[in-house]
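# Coordinate inspection notes
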Amino acid sequence: MATIKEIAALAGVSRGTVDRVLNNRGSVNPYTAKRIQEIADSLDYKPNRAGLVLAAHKKHLKLGVVLFSPDNPFFRDVLQGVRDKAAELSGYNCTVIIRQVPFGVEEQLKALDELMALDVSGIAIAPYNDERIRCRINALAEAGIPVVTLNTDIENSKRLAYVGSHYTRSGATAAGLLRLMTQGQVNVGVLIGSTNLLCHTQRVVGFSDALKAYDGQRIHIADIIENHDDDGESYDKTSALLSTHPEINALYIAGAGVHGACRSVLDAGLGDRICILTYDLVPTTRALLEEGVISATICQQPGKQGSKPLDILFSYLSTGQLPEEELHYVAVDIRIKENL
């Protein structure tokens, strides 16, 4: 394996000059820097990871995390993944600062401002799908602050990587489950948290595209409503949906608010008539699955969604090496009553 000493000898410069070029530390004559980089590339130079991690220890890295509200039970499991990784990274003198905010652009921008004021070196965020958030992520990247998105992505941004579900595939999986679990004409009511969350809209795209290939018009989407991942709002809007569309005999809940929607179904006396598909295995969803109210739920490894982004950021900030993959998809894990 090539060393800095060997590169310095071939380039006719000091080891300090090579170190500055390869680690972007300080000013070096452009011609010299180019020659050093060419020699390093020709020798397939790889940095000493252990040494760079030790250097990161001396830097006292700070990583920021922006998640959605703790009122969403799914993010409690994501948060646990963040905390577990933060405890591990603390041994490398790395601090993790967490902010949880409601849906909305202003709340996320404020959280990002707070983290930058605390001099964070990198940020993991579940982004609200809005141009202002995209611009902020791009500005951070250009300023040398790497960003990793988690749980939901944001298109056309300069984020370093994404960790989460493959949402169109996940939506198609839900469509496949509905096809297998139903017979005859099916009219589906679809509930999503927000049209401003890419994960929710992509789930619906994957779901509806897959339905088009199944049995002609046997399965039809009756309506799509937003519940902002709130159980109270989900209860009220599901009740209105069932009243407006009495033909509905299936619900596809593509976000949170599962407990509220299911209570609405039960209060309407339709528990035995409606096939319900959901996501995740928070305690209330597990209970409803055990009771037979929910037919199936699709899980998405929330702990990994919390821990992996911090792992990527720390590795990048320690070694300067880009992650091997840009998209880190979690497994599609289907749960029914019988395999809990």
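### Digging into a negative patch on the surface
On the surface, a cluster of negative charge is made up of Asp 71, Asp 230, Asp 231 and Asp 236. Relative to the helices and strands, Asp 236 resides in helix 10 (residues 231–244).

### Comments concerning the nonpolar core
Of all hydrophobic cores here, the largest spans 49 residues; its most connected members are Leu 63, Leu 67 and Ile 123. With 7 residues, helix 5 (residues 74–89) is the single largest residue contributor to this core. Discounting chain neighbours no more than four positions away, the residues touching Leu 63 are Leu 89, Cys 94, Thr 95, Val 96, Ile 97, Val 120, Gly 122, Leu 310, Leu 313, Phe 314 and Leu 317. Val 204, Tyr 214, Cys 275 and Tyr 279 belong to the second-largest nonpolar core, a separate cluster that totals 22 residues.

### Comments concerning the sheet that holds strand 6 (residues 186–192)
Read across the open sheet, the 6 strands follow the order 7-6-8-9-10-12; overall the sheet is mixed. For this open sheet the edge positions go to strand 7 (219–226) and strand 12 (333–335), each flanked by a neighbour on one side alone. In this sheet, adjacent strand axes meet at a mean angle of 20° when their direction is disregarded. Two strands pair when backbone bridges link them, and strand 10 (residues 296–299) and strand 12 are joined in this way by 3 bridges, in the antiparallel orientation. Paired with Thr 297 across the two strands is Arg 335, which belongs to strand 12.

### Some points on empty space enclosed by the protein
Evaluation of the coordinates by the stated rule reveals 2 cavities of 30 Å³ or more. Approximately 120 Å³ is the volume found for the largest cavity. Asn 72, Phe 74, Asn 151, His 200 and Asp 229 are, among the 15 residues lining the largest cavity, the residues nearest its centre. At the level of elements, helix 5 and helix 9 (198–212) are the ones that each hand at least two residues to the lining of the largest cavity. Among the elements that take part in the lining of the largest cavity, helix 9 stands out by supplying 3 residues, more than any other. Residue classes in the lining of the largest cavity are distributed as 7 nonpolar, 5 polar and 3 charged. In this structure, the second largest cavity occupies an estimated 40 Å³ of space. Every residue along the wall of the second largest cavity is listed here: Ser 165, Ser 170, Tyr 279, Ile 298, Cys 299, Gln 300, Val 330, Ala 331 and Val 332. Taken together, the residues of the lining of the second largest cavity sort by class into 6 nonpolar, 3 polar and no charged.

### Looking at the packing of aromatic side chains
Scanning the entire structure with this criterion turns up 8 aromatic pairs. With centroids separated by 6.3 Å and ring planes inclined at 70°, the aromatic side chains of Tyr 162 and Tyr 329 adopt a geometry described as edge-to-face. Placement of the pair is Tyr 162 in strand 5 (residues 161–164) and Tyr 329 in strand 11 (residues 327–329), with a sequence separation of 167 residues. With relative accessibility at 35%, the residue Tyr 329 sits in the partly exposed group. Connected via pairs of aromatic rings, a cluster forms that spans Phe 68, Phe 74, Phe 75, Phe 103 and Tyr 128. The lysine or arginine in question, Arg 203, covers the ring of Tyr 279, its NZ or CZ lying 3.6 Å from the ring centre.

### Notes on the confidence of the model for the chain
Of the residues in the chain, 94% reach a pLDDT of 70 or more, and the chain-wide mean stands at 90. Per-element confidence in the chain is highest for strand 8 (residues 250–253), whose mean pLDDT is 98, and lowest for helix 4 (residues 49–59), whose mean pLDDT is 60.

### Brief notes about the environment of Leu 270
Locating Leu 270 in the fold gives a position in the loop between helix 11 (258–267) and strand 9 (275–279). When residues no more than four places from it in sequence are discounted, the contact partners of Leu 270 are Leu 242 and Val 265.

### Some thoughts on the pattern of salt bridges
All told, the structure shown has 14 salt bridges when counted by the stated rule. Here Asp 209 and Lys 212 are joined by a salt bridge, their closest N and O atoms 3.7 Å apart. You can see Asp 209 and its partner Lys 212 sitting in helix 9, 3 residues apart, about one turn around the helix. Exposure remark for Asp 209: the relative accessible area of 42% places this residue in the partly exposed category. By relative accessible area, Lys 212 is classed as exposed at 65%. Close ionic contact of Arg 335 with Asp 333 constitutes a salt bridge, the shortest N to O distance being 3.1 Å. Among the residues examined, Arg 335 registers a relative accessible area of 22% and is labelled partly exposed. Connected via shared salt-bridge partners are Lys 85, Glu 88 and Asp 311.

### Remarks on unusual backbone geometry
Residues other than glycine predominantly adopt negative phi, and peptide bonds predominantly adopt the trans conformation. Not every positive phi belongs to a glycine, and Asn 156 is a case in point at roughly 55°. Along the chain, the position of Asn 156 falls in the loop between strand 4 (147–150) and strand 5. One non-glycine residue, Gln 301, adopts positive backbone phi at about 45°. With a relative accessible area of 34%, Gln 301 lands in the partly exposed category.

### Focus on the sheet that holds strand 11
Taken in spatial order, the 6 strands of this open sheet run 2-1-3-4-5-11, and their pairing is parallel. The open sheet is flanked by strand 2 (95–101) and strand 11, the only strands paired with a single partner. Looking at each pair of strands side by side, their axes are set apart by 15° on average, direction ignored. Where strand 4 lies against strand 5, 3 bridges are found, and the strand directions are parallel. Bridge assignment links Thr 149 to a residue of strand 5, and that residue is Tyr 162.

Calculation notes
Residues numbered from 1 in each chain as written. Predicted model: local features only at pLDDT ≥ 70, side-chain atom pairs only at ≥ 80, totals over all residues. Heavy atoms only, no water. Patch = residues over 30% accessible without salt bridge, like charges linked within 9 Å, V, L, I, M, F, W, Y side chains within 5 Å. Areas by Shrake-Rupley, 256 points an atom, 1.4 Å probe, with all protein chains shown as cover. Salt bridge = Lys/Arg side-chain N within 4 Å of Asp/Glu carboxyl O. Lys, Arg positive; Asp, Glu negative; His and termini not counted. Charge placed at Lys NZ, Arg CZ, Asp CG, Glu CD. Helix = DSSP H or I, 4+ residues; strand = E, 2+ residues; numbered from the N terminus. Core = buried A, V, L, I, M, F, W, Y, C linked by side-chain atoms within 4.5 Å. Buried < 20%, exposed > 50% of the residue type's maximum accessible area, 1.4 Å probe, protein only. Contact = heavy atoms within 4.5 Å. Pairing = 2+ DSSP bridges. Axes fitted to C-alpha atoms, helices over the stretch in contact; angles between N-to-C directions. 1 Å grid on protein atoms, 1.4 Å probe; cavity = no way out; pocket = protein on both sides within 12 Å on 5 of 7 lines; lining within 4 Å. Points joined across faces, edges and corners; volume = space filled by probe spheres on them. Nonpolar A, V, L, I, M, F, W, Y, C, P; charged D, E, K, R; others polar. Phe/Tyr/Trp six-rings, centres within 6.5 Å; stacked < 30°, edge-to-face > 60°. Lys NZ or Arg CZ within 6 Å of the ring centre and 35° of its normal. pLDDT = per-residue confidence, 0-100.

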